[in-house]
Amino acid sequence: MIPYALVFGVAAFLLYRANHFEFTAAADQIGPDNWPKLILFMIMATSAFEGVRRLLTARNIRSGPAAVPIVESPFEREHADMRIVLTCVAASLVYLALFEIVGFFFDTLVFVMALIWIGRFRRFWTALAISAVTTLLFMLVFMRVIFVALPIGIGPFEWLSTSLMRLLGVH
Amino acid sequence: MHTLQLLLAGFAEVFKPLDLLMMFIGLLVGMAVSIMPGLGLVMGVVIALPFTYGMALEPSIILLTAIYMSGTYAGCFTAILYRIPGEPMDVPLLWDGYAMTQRGEAAKALGWALVAALTGGLVSTAVMTTLATPLSEFALKFGAPEYFAAVFFGLTTVVALAGTSIPNALISLFLGLLVATIGTDSTYGIERFTFNLPILSNGVPYVMVLVGMYGFGEILIKLGQSLHVEVPPDRASTKTRFPSFAELWELRATFIRSTVLGTVLGAVPGAGATITSFVSYAIERQYGRRGSKIGTGIPEGIVAPQIASTASVAGHIVPLLTLGIPGSGATAVILAAFLLHGVQPGPFLFENPESTLIVYTIMASMFVAVVGMCMMGFVWIHVVVKVLTIPQGVLAAIVIMFCLVGAFADRNTISDMWMIVIFGTLAALFERYRFPVSPMVLGAILGPLAEDSYMRSMITYHKDWTVFFTQPIAGGLMVLSIVSLSYPVVRSLLARRREMAVATEYPDL
């Protein structure tokens, strides 16, 4: 029920915003708000329908055996543990927040270690070696082959990153 | 004759060293990702996408197509040998394949899978290559209403085949379409839903939605599911033994049925290799000569799903090349590679000799890829299955890095990395609340095309929405859309009626 209420609420808010788009439409023509509004109406209608339907189905389950299951996928998967998922998301957010400050190498080294640990691989030195090799390979491929300017960080991290790049032959 | 000449020219291009190298790498990557239960062929093409930024168009598309092609085949190794389906499409293979392995017929089962993949891939590619030029000529007749109807049909089939509740699939689709409206409107030039945030002013590139939801999000889910694979790859069990001609002849009906089914279903947007594999297995079980024995370890149970899933690749690629409409996650990535190189797939690709040659080079590469993957599968199964020994945590970390750094490499901006994390988290929430991901991704991809053709139709026909039903091609596609959307609802209602009838007849059950 909560996801449908949330989707409905967000759609209603965006519909309000769409009503305030500033534009001058040619006479007898539709404006740039027409398509988004059409989508938003459909989101609101579908989420309201499904939310109410689930509410009524839940009541039926409580009051008797008449409830009928909805059609589910033939290859249903087990639910993911949301604590692990959220830990991984949190690690990613920290990684991105520090990306330009610490620079690609050190930030990625720690992040890959963290991900390996979250993935239940607990041999520290092996994990450290894997993350170091992975990070260096990414630096080499993206900076030397694809010519992407990965961040080098600021302050001491900048000096360390440039020294490392010099060692790798990246200019 | 003209098609054959173009195809021969395409073959000449494919055998250039760089194109061949890219195909070889693509086939290897496709095999590796399709074997790992945590990855998949879509993830494979997503990971490879950043590497195409610095390449020419031809090797880029050859690389991605080779990953797609071999991704539909290699999963059979682990499904048959170890009962580990690399992808959902491999599930039907393990029912009969693993049963044969348990009887000591693993080599035979692998041989059947190889012949099936070879047949499905070659026949389907040949059929679709023949149809490409007529299809593109037909597509040239498309105006705005026809394009809108074609996209609408694609989106409704994705919803219908999403395999979950229809309202959830619709909400997912509408959210995707909504994401596509963010940014500056192309007709009026006004900003929509940007909230004065610079990250949103240029819109949300659909590649970020795709990589975020299929790549980053899928890995988040896999980490949360604590998937653990323990396999001792045994070299002795990885031999392949081909079926005899007499055995092949006995299964001719299965071969024909499954190839036709895979090719036709493959061309339907949303019906990826998984759907075609399951449908083909079910059809074989229902109508096959030995249908009642399927599931006990007979070759038909391997041949039917394997042919169909490999045949679906050409079925998906050709509509992308001729209409510019991707019908699956993998073809959406291939479309992204085209767009990154400044080429818009569609009927106009066939209008000048240079781009026509590119199209036929891709087709030729698919023929070579099918043969190449079967050869590699025959020789290197024991090497490829070693991928399973890589710890899941390490693999997850590497894939996440590919998603994030690949996104950064696209426009050299950290904003795109934030988008990957946002859409990845959304994918994990979708999975938690049983919303399918595919409709949202395809909605975000096809949204701009849908809006553009809708706006042009409304402008040309003075806001007359009946044009979508009164024009012959558009009307036909709209009717097909309504049928495809109604089918699961009708099926659900019939199932409900049957259940209620059973409940009334046997109240104690």
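Reading the values: the criteria
Residues numbered from 1 in each chain as written. Chains lettered and ligands numbered in written order. Predicted model: local features only at pLDDT ≥ 70, side-chain atom pairs only at ≥ 80, totals over all residues. Heavy atoms only, no water. Helix = DSSP H or I, 4+ residues; strand = E, 2+ residues; numbered from the N terminus. Buried < 20%, exposed > 50% of the residue type's maximum accessible area, 1.4 Å probe, protein only. Areas by Shrake-Rupley, 256 points an atom, 1.4 Å probe, with all protein chains shown as cover. Contact = heavy atoms within 4.5 Å. Buried area = accessible area lost by both parts, 1.4 Å probe. Salt bridge = Lys/Arg side-chain N within 4 Å of Asp/Glu carboxyl O. Polar contact = N/O pair within 3.5 Å; in protein donor to acceptor, adjacent residues only side chain to side chain. Nonpolar A, V, L, I, M, F, W, Y, C, P; charged D, E, K, R; others polar. Phe/Tyr/Trp six-rings, centres within 6.5 Å; stacked < 30°, edge-to-face > 60°. Lys NZ or Arg CZ within 6 Å of the ring centre and 35° of its normal. pLDDT = per-residue confidence, 0-100. Patch = residues over 30% accessible without salt bridge, like charges linked within 9 Å, V, L, I, M, F, W, Y side chains within 5 Å.

As a further point, take the overall build of chain A. Counting its regular elements, chain A contains six helices and zero strands. For chain A, the N- to C-terminal ordering of α and β elements is α-α-α-α-α-α. Looking at chain A as a whole, 42% of its 171 residues qualify as buried. Of the roughly 9,700 Å² of accessible surface on chain A, a fraction of 70% belongs to carbon and sulfur atoms.

In this section: the interface of chain B and chain A. Chain B puts 74 residues into the contact, and the matching count from chain A is 75 residues. Overall, the association of chain B and chain A removes approximately 6,700 Å² of surface from exposure, summing both partners, and the carbon and sulfur fraction of that is 76%. The interface formed by chain B and chain A includes zero salt bridges. Counting the contacts that link chain B with chain A gives six residue pairs in polar contact (both at pLDDT 80 or more). Only α9 (166-181), β2 (191-192), α11 (206-224), α14 (273-287), α18 (392-411), α19 (414-432), α20 (438-460) and α22 (472-505) of chain B provide two or more residues apiece to the side of chain B that touches chain A. Here the element with the most residues in the side of chain B that touches chain A is α18 of chain B; it accounts for twelve residues. For the side of chain B that touches chain A, a count of residues per class yields 45 nonpolar, 16 polar and 13 charged.

A separate point is the packing of aromatic side chains. Counted according to the given criterion, the structure contains 31 aromatic pairs over all chains. For the ring pair Phe-148 of chain B and Phe-152 of chain B, a centre distance of 6.0 Å and an interplane angle of 25° mean the geometry is stacked. One end of the pair, Phe-148 of chain B, and the other, Phe-152 of chain B, are both in helix α8 (residues 144-160), four residues apart, so they sit about a helical turn from each other. The buried category is assigned to Phe-148 of chain B, whose relative accessible area is 9%. In this structure an aromatic cluster arises from ring pairing among Trp-35 of chain A together with Phe-148, Phe-152, Tyr-454 and Phe-468 of chain B. Over the face of the ring belonging to Trp-117 of chain A we find Arg-122 of chain A, whose NZ or CZ atom lies 4.3 Å from the ring centre. For the cation-ring pair, Arg-432 of chain B lies above Tyr-433 of chain B, with the distance from its terminal atom to the ring centre recorded as 5.6 Å.

A residue-level look at chain A finds 88% of positions with pLDDT of 70 or above and a mean pLDDT of 85. Considering only residues more than four positions removed or in separate chains, one finds that residues 65-75 of chain A, a stretch of pLDDT under 50, has 21 contacts.

What follows concerns a nonpolar patch on the surface. All names here are of chain B. The grouping of Leu-18, Leu-21, Phe-24, Ile-25, Leu-28, Phe-242, Phe-378, Val-379, Trp-380 and Val-383 at the surface amounts to a nonpolar patch, some 840 Å² of accessible area in total. Of all the elements, helix α2 (residues 17-35) adds the most residues to the nonpolar patch, at five residues. Looking at the secondary structure, you find Phe-378 in helix α17 (residues 353-384). For Phe-378, a relative accessible area of 38% translates into the label partly exposed.

This part takes up unusual backbone geometry. Phi is positive for Arg-120 of chain A, close to 65°, though the residue is something other than glycine. Examined against the element boundaries, Arg-120 of chain A turns out to sit in the loop between α4 (104-118) and α5 (124-145). Judged by its relative accessible area of 39%, Arg-120 of chain A falls in the partly exposed class. One non-glycine residue, Arg-434 of chain B, lies in the positive phi region at around 60°. Note on placement: Arg-434 of chain B falls in the loop between α19 and α20. Judged by its relative accessible area of 24%, Arg-434 of chain B is partly exposed.

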